[in-house]
Amino acid sequence: MPIATTDKLNQLRAQLQECTNPTAAKLLKSTIAKLEAQLNSGQVQTQASKIAQRKAALRKSQKQADRTAAQQQRTTLKPPSIRKVEPKPETAPQKKSVTVAQDKSQEQAKVTVEHEESKSPTQDKPPAKTEANPKSKNRFPPQAFAAAKRVVLADSLWQRPQVQGITIDGPTSRDLDDAVWIEPTDVGALLSVHIADVSELVEVGSILDKVAISRTATRYFSQGNAPMLPRPLSEDKLSLLEGQARPTLTIQVTLDANAQMTDVNIFESWLSSQKQFTYAEASQTDSPSAFQETLEMAYQWAVHLYRNRLTAGAIGATQTAQGQWLTEEGSLIQGERHRSHILIQEFMILANRAVAQWLATQDIPALYRNHTARAIAPDRETMNQTLLTLGSGAAIHQRLHCWLNRAEYSPVLIGHFALNLPAYCHFTSPIRRVADLINHRIVKALLKQQDLPYTVSELEQLGQHIAQVKDEHKEQTAEHFKAVHQQVYQDQLQAPEELDSLSSKEFTRLLKYAVENQDFERLRSELVTRLASEQLVVQDLYCLLFQSGDSDLQQRVIQHLKRNAQDAASIITIALNQEGDWEAFNYIELANCKPYTIWLEVNLAGASLTTVHPAVHPRKQPARHLACLLWLEAYLDNSLVPPEQRIGPVLDPSKDATPLSKVMQSALVKPLKDGQNFISMLLDVCQTLRWETPVFEISGSDDWFICECELVVLGQRIEGSGVAKRKKLAKSIAAREVLEQVREQGQQHLDEWLEGAA
């Protein structure tokens, strides 16, 4: 053992005796233990011997590389895994700047299809997107491929502690970047996740690092994939293949009997995977495999971890009431799921969480995975209850899309809303995600007590770059599918005799394409036929009224709406969402007027427009539908007017003074009692005071319902909610909550309200 190493060991022991920081003490103990183990085994090398070993490996690999380069007349690069050890200068060395793929490779720019983020902790393999043969469009620069082939796994890597583990992946997976293992303890379990040590072989600033940053993630297609790193690395030298020695980083988490983390240990290691399982194989409960007991133990602990997350209120990486699974950020997972998926899901989430917590405790900047909810999202409990009652995957997707923001990478720690974790990062897929590779480098720098490889500014830039590339890939995917669909639509237009065989959904898409491309006439005959037989959906009617410019078909749609006035209200709603200059619409009702007398008023580009005459009907809802129909007719005739020009019956304020007083007395003055019709009372107040009608939104199942009520009173939003086993009761509870708030405000504003309603 060199004297310098012995002196260092004594210095560390002295520091440990004086150390008062628990985190620093833990790190000192770990370093002392490693040095003592190396001292006992005689495995510590001097700096000179390491240099000699690396130079020998360099000479051997360089000779082969030089021969190849001479044949191909191609520039070779120094293998990133073999670093030249230089004496440390007295002045602080300058950090290398991080290049964020300003000049992407030519083949990368040609990629037209993208998948979200390689293998996530909650998904085996991303669903295939498109591209029959992506290889020709995703080739690496020759220098990168040559550098990958020259990488050598140095003998010094096997001086690390050897660990046990097995891999569980999809049947076609070759880029295996994680292995797992679990052992029982007296009070719980010791769970280990071993991750391919990509950062050991891919240096910052190297050609391999540049292509990884340029691509940011492995992308999957209908046939094959476009790996983030060249295949000699991603599918061979770095991949944790069965029976092959590979350098790894190990995250060891100690769990107590309740599956709660009590300790985290991170260290460099090496692994020779003992078995490569597919998800299906690892899920067989009656398998004769020698690892069956380990798999069963791992699954039971994974279930415990999953239940802990559910109890804590997690939304991400959970199963819906309908049996569908969500990713860690709340997107639906497609494809078959095995019981071993939950094993890998929970082990990966735990490892990512442990690393993030380990970094955050030391206040280390890294690429944390932050996820937030939008301002309009309800509280977590209401959100969970609502998701349990939604009846379809589409409804769940739509609701979560409205509630949740997109997750982002940032050195500023915010937390992960969907997983309900104060700190989270991506660490378990460095072969497939560059964010994981970046975090590996940061962790290894801490383990070796070296300077951090990135500044906060560089990490911010990298996080923004990853998001930008992801957006570009999404746009490329959309453009690709748009081109494919346009060709299909063009073929359909060329065969009008086959249009009657199209489904409603197919015909709606074709109609939209025809209108956008001014190729509308070929559909006229089929449109007339479907209109006459009332086979067009509301979206088609909206398209004909607002986008076709065909007056004859527009009038045919109006005649259809006179028989189906309820569709007119739906068309108004669609227009509000799709017409750029539509800002809002309101129903203007005459108070205390029977039959109901209603105008529709739409705010178009800041100007309110309505019809001259109102719709009149004995019932309120049909009156509103007719008001929408009248508005659409006037819109087509260009006869809409400002609100002050509408004409209607004039009311005598004194005529209904007594009924008005009774209504207000009952709803806003007298004490409310259980059993009263609070819905009717609230509606009467709104109608009497000429307020907008309250909006009720109900979600639920056959067992119980959640009702949310919203009322806008003179620009102020009032909200109430109710939960009950009967829909009407839930609605009544929500109405009562809103009514109670109105009564409180009425103590000060009642006279003002009455004056405005007169």
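Further up the page is the structure itself.
Treat the numbers as computed from the prediction; the structure is a model and nothing was measured.

Asks: I'm lost on the overall build of the protein in this one. Help?
Replies: The helix and strand inventory of the protein stands at 23 helices and 18 strands. Residue pairs in contact within the protein that sit at least 24 positions apart in sequence constitute 68% of those at least 6 positions apart.

Asks: Hey, could you run me through the sheet that holds strand β7 (residues 245–255) in this one?
Replies: In sheet architecture, strand pairing relies on hydrogen bonds along the backbone and comes in two forms, parallel and antiparallel. The 5 strands lie next to each other as β1-β8-β7-β4-β3, forming an open sheet whose pairing is mixed. If you trace the sheet from one side to the other, it starts and ends with β1 (162–163) and β3 (178–184), each paired once. By the bridge criterion, 2 bridges tie β1 to strand β8 (residues 261–272) in an arrangement that is parallel. Looking at the pairing, Val-163 lines up with Leu-271 of β8.

Asks: In this structure, what is going on with the pattern of salt bridges? I would like to understand it.
Replies: Close approach of charged atoms lets side chains of opposite charge pair. Under the criterion given, the structure shown has 28 salt bridges. The salt bridge partner of Asp-177 is Arg-432, with a shortest N-O separation of 3.4 Å. Taken together, the residues span a long stretch of sequence, with Asp-177 in the loop between β2 (167–169) and β3 and Arg-432 in the loop between β11 (408–410) and α13 (434–447) at a distance of 255 residues. Each member of the pair, Asp-177 as well as Arg-432, is classed as buried.

Asks: Help me out: how do you make sense of the sheet that holds strand β16 (residues 695–700) in this one?
Replies: Pairing in this open sheet of 3 strands is antiparallel, and the strands run β16-β17-β18 from one edge to the other. Both outer strands of the open sheet, β16 and β18 (716–724), are each paired with one neighbouring strand and no more. On average, adjacent strands in this sheet sit at an angle of 15° to one another, irrespective of strand direction. Strand direction decides the pairing type here: β16 and strand β17 (residues 705–713), joined by 6 bridges, are antiparallel. Within β17, the residue paired with Val-695 across the bridge is Glu-710.

Asks: Help me understand the pairing of β3, please; the structure alone is not making it clear to me.
Replies: Both faces of the sheet carry side chains from a regular strand, because those side chains alternate between them. With 5 of 7 residues buried, β3 lies mostly within the body of the structure. Inspection of the sheet shows β3 paired to strand β4 (residues 189–196) by 7 bridges, in the antiparallel sense. Bridging across to β4, Ala-179 finds its partner in His-194. With antiparallel pairing between neighbouring strands as the criterion, β3 and β4 make up a hairpin whose turn holds 4 residues.

Asks: Help me understand the side chain of Gln-292 in this model?
Replies: With respect to the helices and strands, Gln-292 occurs in helix α9 (residues 292–311). Those residues in contact with Gln-292 that lie beyond four places of it in its chain are Gln-284, Thr-285 and Ser-287.

Asks: Looking at this structure, I do not really get the packing of α9 against helix α10 (residues 339–361). What am I missing?
Replies: For any two helices packed against each other, one specifies the crossing angle of their axes together with the interaxial distance. The interhelical angle for the contact between α9 and α10, taken along N-to-C directions, is 65°, at an axis separation of 8 Å. Between α9 and α10 lies a crossing whose hand is left-handed. Where α9 abuts α10, its residues Leu-295, Glu-296, Ala-298, Tyr-299, Ala-302, Leu-305, Tyr-306 and Arg-309 lie against Arg-339, Ile-342, Leu-343, Gln-345, Glu-346, Phe-347, Ile-349 and Leu-350. Its residues placed into classes, the contact of α9 with α10 shows 11 nonpolar, 1 polar and 4 charged.

Asks: What am I meant to see in helix α16 (residues 524–532) here?
Replies: Owing to its 3.6 residues per turn, the α-helix aligns residues three or four sequence positions apart on the same side. Every buried residue of α16 is listed here: Glu-526, Leu-527, Arg-530 and Leu-531. The buried residues of α16 all sit within an arc of 130° when viewed along its axis, so they share a single face. Turned more than 90 degrees off the buried face of α16, the exposed positions are Ser-525 and Ala-532. In this fold, the buried residues of α16 make contact with α15 (504–516), α17 (538–546) and α18 (551–563). Once α16 finishes, Glu-534 follows within two positions and takes phi at roughly 55°, a positive value.

Asks: Just checking my understanding: could you explain the environment of Asp-169 for this structure?
Replies: Locating Asp-169 in the fold gives a position in strand β2. The buried category is assigned to Asp-169, whose relative accessible area is 2%. Measuring from C-alpha to C-alpha, the distance between Asp-169 and Ser-340 comes to 9.5 Å, with 171 residues separating the pair along the chain. Only 3.4 Å separates the side chain of Asp-169 from the side chain of Arg-432, close enough to count as a polar contact.

Asks: Sorry, what's going on with the packing of aromatic side chains here?
Replies: What characterises a pair of aromatic rings is the spacing of the ring centres plus the angle enclosed by the ring planes. Going through the model one piece at a time under the given rule, you end up with 10 aromatic pairs. Geometrically, the ring pair formed by Trp-158 and Trp-270 is edge-to-face, given 5.5 Å between the ring centres and 70° between the ring planes. Taken together, the residues span a long stretch of sequence, with Trp-158 in the loop between α5 (142–150) and β1 and Trp-270 in strand β8 at a distance of 112 residues. Three or more aromatic residues joined by ring pairs make a cluster, and in this case those are Tyr-542, Phe-546, Trp-582, Trp-631 and Tyr-635. The ring of Tyr-299 carries the charged tip of Arg-339 above its face, separated from the ring centre by 3.7 Å. Directly above the ring of Phe-417 sits Arg-380, whose terminal nitrogen or CZ lies 4.0 Å from the centroid.

The rules behind each value
- Numbering of residues begins from 1 in every chain and follows the order in which that chain's sequence is written.
- Under the rules for a predicted model, residues below a pLDDT of 70 receive no local features and side-chain atom pairs below 80 are neither given nor counted, while totals for whole chains, interfaces and linings still include all residues.
- Neither water nor hydrogens contribute to the side-chain values; these are computed over all heavy atoms in the structure.
- Labels follow the DSSP assignment, with helices taken as runs of H or I lasting at least four residues and strands as runs of E lasting at least two, numbered in each case from the N terminus.
- Note on definitions: a residue-residue contact is assigned when non-hydrogen atoms from the two residues lie within 4.5 Å.
- We call two strands paired when DSSP finds no fewer than two bridges between them.
- Whenever Lys or Arg places a side-chain nitrogen within 4 Å of a carboxyl oxygen from Asp or Glu, that contact is recorded as a salt bridge.
- Think of it in three bands: with a 1.4 Å probe and only protein chains considered, a residue is buried below 20% of the maximum accessible area for its type, exposed above 50%, and partly exposed in between.
- Only the stretch in contact is used when a helix axis is fitted, and all axes are lines through C-alpha atoms; the angle between N-to-C directions ranges over 0 to 180 degrees.
- The crossing is said to be left-handed when, going from far helix to near helix, the turn is anticlockwise and less than a right angle, and right-handed when the turn is clockwise.
- For this classification, the nonpolar set comprises Ala, Val, Leu, Ile, Met, Phe, Trp, Tyr, Cys and Pro, the charged set comprises Asp, Glu, Lys and Arg, and every other residue, Gly included, is treated as polar.
- To be clear, the arc concerns the directions from the helix axis to the C-beta atoms.
- Any pair of N or O atoms that falls within 3.5 Å is considered a polar contact. Within protein, one atom must be able to donate a hydrogen and the other to accept it, and sequence-neighbouring residues count only if both atoms are side-chain atoms.
- Between 30 and 60 degrees the pair is tilted, below 30 it is stacked and above 60 it is edge-to-face, where a pair is any two Phe, Tyr or Trp rings, Trp via its six-membered ring, whose centres lie within 6.5 Å.
- We count a charge as sitting over a ring when the NZ of a lysine or the CZ of an arginine lies within 6 Å of the ring centre and within 35 degrees of the ring normal.

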